[in-house]
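# A closer look at the structure
Here is how the chains run, residue by residue.
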Amino acid sequence: MSPAEHAPDGLLEALDAYEAALMANDLDALDDAFVRAPDTLRGDDRGLLVGHDTISAFRGARGGVPERTLTRVEVRTLADDLALVVSVSGFTAGGNGLQTQLWRRTDGTWRISAAHVTGRPRAFDPTIWRTVGDPLLPSTGTGPLDGTTVAVKDLYAVPGHPVGAGNPTHLAESTQQAVPAAAVAALLDAGASIRGIARTDEFAYNLTGRNEHHGTPPNGAVPTALPGGSSSGSASAVRLGMADIGLGTDTAGSVRVPASYQGLWGLRTTHDAVSRQGLLPLAPSFDTVGWLTRDPDLLGRVLDASVPDSRTTDDDPPAVLTVVTDLVDAAEPATRDAFRALVGTDLAEVTLTELGIPPLEVLRETMRLVQAAEATAAHGPWIAAHPGALSTVVGDRFAAAAANPPEQVADAVARLAALRATIRHAAVGRVLLFPTAPGPAPSLTADTVTLERARTATTAMTSLASVGGLPAVSAPAVTVDGAPVGICLVGAAGTDRALVRTAGRMLRD
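Described in the following lines is the structure provided in the data block. Given the structure is predicted, the values throughout are model-derived calculations rather than measurements.

On to the pairing of strand β16 (residues 472-480), then. Judged from the three bridges that link them, strand β11 (residues 265-268) and β16 form a sheet pairing that is antiparallel. Residue pairing for β16: L267 is matched across the bridge by V473. Two strands pair when backbone bridges link them, and β16 and strand β17 (residues 483-491) are joined in this way by eight bridges, in the antiparallel orientation. In the sheet register, T479 faces β17, and the bridge partner there is P484. Linking β16 back to β17 in an antiparallel pair, the connection comprises two residues, with D481 at a positive phi of about 55 degrees.

What follows is the structure, encoded as structure tokens:
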């Protein structure tokens, strides 16, 4: 490290100790290196962290940094106990980074009060992408999506590439696809190009975005939070500006939940409105094609390109915007308050009972049991032939799915059609409105018990559209404790385009 002239006494020694703690991933020492105050700052390309405890939580989930040495240090003394340090890092694996830190001396000890980190350039983020190109696959036509790029969830067939399904063993055994999935082909034909294949939770059987094999994609809105799954990589790529469109799937909320957690627009289409040809299934009774974008206009153009007959006119009869009180009450108190502040008191309100729909617990359990049975049928033989290939959380979920009592599964399968018909009838002429998720994204450091509790609460709220096979839009509308939470609009079957337009008008007004 080159000398820094006129550095205050003890500052360079504190800087060296901080770098040594970084290389050792000594969390206690790193915590002590930052000023313990609620206004301590740390920022990088993934966002800004405010407060010592928030920074500590982020660091605990980060898992260390690549080996590096400081190759240049510049110090500017601002006051007797305040100094600005700008240093250049040389990484052992190649590349340079830059750190700008404001150091403050209190009680004779130098600590960091604010830091901004510019990491070394990466070819791509492997937590977000399985593979990328420039482009990975060019467009095959022209149309409403000219010039846009797509992050394709790693469940769809992309020509020249295998389907990995978020699992390295499955990827290693998969063969290259010859033709694109129908949903991929529609985007290519409309002028979009494929930027890359994005990470997914294993076999799409999760809602957090956490993956033990390749790491957790970043939440571009809240760096200390989970991104939401299972369309996690697609959502993160869109939020961070790496792609314009995220092609995902939504079975129990896997487009709506990451859209809510990351402040994106997300559409679950009417069940069977978009062909699932070339899509690896999880639970065909609920699996749907869906997309994530940063604005409603692009979401509408994607829908027009993928389902041409989804276009509606201003002459279509308007649906009644209706708040579903059961689903509002199912959200966390702060989310309920933010939702109520947004929608006001002028909208119609209704309960599930008034709609003739059973309670949320019945919907959630029906979806859980049927989804588990279909997931076991789709992937059980492969899982049995590959013991240990799944991560602990997803492996346990598949094991629990296979162990569900047969009579309970049979009852759920038997009542699904009637439930779907009931929900579809109730939605005619209405747009049902409620929060997308119970609250903001869980913390990166949340334990399994906390995440399972959040999953149960979330799937209760997503089950209405999933069991009904209805279109649902999650729109970025409210903020809770500084984090986004979506509002969900559910419409009648086949009203996908009108639903997107309604959501767009609602947030513009």
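Turning to the side chain of T270, a few remarks are in order. Along the chain, the position of T270 falls in the loop between β11 and β12 (288-293). One polar contact links T270 to D496, side chain to side chain, over a distance of 2.7 Å. For T270, the residues in contact, after removing those within four places along its chain, are R424, G469, L470, P471, A493, G494, T495 and D496.

What follows covers a nonpolar patch on the surface. Residues L41, L48 and V50 make up a contiguous nonpolar surface patch of roughly 250 Å² in combined accessible area. Tracing the sequence through the fold places L41 in strand β1 (residues 41-44). Accessibility expressed as a relative area gives 31% for L41, which makes it partly exposed.

Taken together, the 11 strands give an open sheet; going across it, the order is β7-β9-β8-β10-β12-β11-β16-β17-β15-β13-β14, and neighbouring strands pair in mixed fashion. Every other strand in the sheet has two partners, leaving β7 (129-137) and β14 (348-350) as the edge strands with one partner each. With direction set aside, neighbouring strand axes in the sheet form an average angle of 25 degrees. Where strand β13 (residues 320-324) lies against strand β15 (residues 430-435), four bridges are found, and the strand directions are parallel. Residue V323 lies in a different strand from β15, and its bridge partner there is L433.

Turning our attention to the sheet that holds strand β3 (residues 68-79). The sheet built from six strands is open, its strands ordered β2-β1-β6-β5-β4-β3 with mixed pairing. The open sheet has two free edges, formed respectively by β2 (47-50) and β3, since each of these has just one partner strand. With strand direction ignored, the average angle separating the axes of adjacent strands in the sheet is 20 degrees. Where β3 lies against strand β4 (residues 82-91), 10 bridges are found, and the strand directions are antiparallel. Bridge pairing in β4 places V73 opposite S87. Relative to β3, helix α1 (residues 11-24) is tilted by about 140 degrees, and along the sheet it contacts β3, β4, β5 (96-106) and β6 (109-118).

One face of the sheet, then the other: side chains in a regular strand alternate in exactly this way. Where burial is concerned, most of β17 is hidden: nine out of the nine residues are buried. Burial along β17 is two-sided: the face carrying A483, V485, I487, L489 and G491 and the face carrying P484, G486, C488 and V490 are both buried. With five bridges joining them, β15 and β17 adopt antiparallel strand pairing. Opposite L433, over in β17, you have L489 as the bridge partner.

Our focus in this paragraph is the pattern of salt bridges. A full pass over the atoms with the stated rule returns 20 salt bridges. Here D250 ties to R256 by a salt bridge, and the two come within 2.8 Å at their closest N and O atoms. In terms of burial, D250 and R256 fall into one category: buried. Look at the salt bridges and you will find they share partners, linking E361, R364, E365 and R368 into a network.

What follows deals with the packing of aromatic side chains. Taken as a whole and judged by the stated rule, the model has five aromatic pairs. On the numbers, 6.1 Å between centres and 90 degrees between planes, the contact of F203 with F398 is edge-to-face. Linking F203 in the loop between β9 (193-198) and α6 (232-239) with F398 in helix α13 (residues 392-402), this pair joins segments that are 195 residues apart in sequence. F398 carries the same exposure label as F203, and that label is buried. In this structure an aromatic cluster arises from ring pairing among F203, Y205, W382 and F398. We note R195 situated over the ring of W129; from NZ or CZ to the ring centre the distance is 6.0 Å. For the cation-ring pair, R397 lies above Y205, with the distance from its terminal atom to the ring centre recorded as 5.9 Å.

The rules behind each value
- Residues numbered from 1 in each chain as written.
- Predicted model: local features only at pLDDT ≥ 70, side-chain atom pairs only at ≥ 80, totals over all residues.
- Heavy atoms only, no water.
- Pairing = 2+ DSSP bridges.
- Helix = DSSP H or I, 4+ residues; strand = E, 2+ residues; numbered from the N terminus.
- Polar contact = N/O pair within 3.5 Å; in protein donor to acceptor, adjacent residues only side chain to side chain.
- Contact = heavy atoms within 4.5 Å.
- Patch = residues over 30% accessible without salt bridge, like charges linked within 9 Å, V, L, I, M, F, W, Y side chains within 5 Å.
- Areas by Shrake-Rupley, 256 points an atom, 1.4 Å probe, with all protein chains shown as cover.
- Salt bridge = Lys/Arg side-chain N within 4 Å of Asp/Glu carboxyl O.
- Buried < 20%, exposed > 50% of the residue type's maximum accessible area, 1.4 Å probe, protein only.
- Axes fitted to C-alpha atoms, helices over the stretch in contact; angles between N-to-C directions.
- Phe/Tyr/Trp six-rings, centres within 6.5 Å; stacked < 30°, edge-to-face > 60°.
- Lys NZ or Arg CZ within 6 Å of the ring centre and 35° of its normal.

The analysis is restricted to geometry; functional conclusions fall outside its scope.
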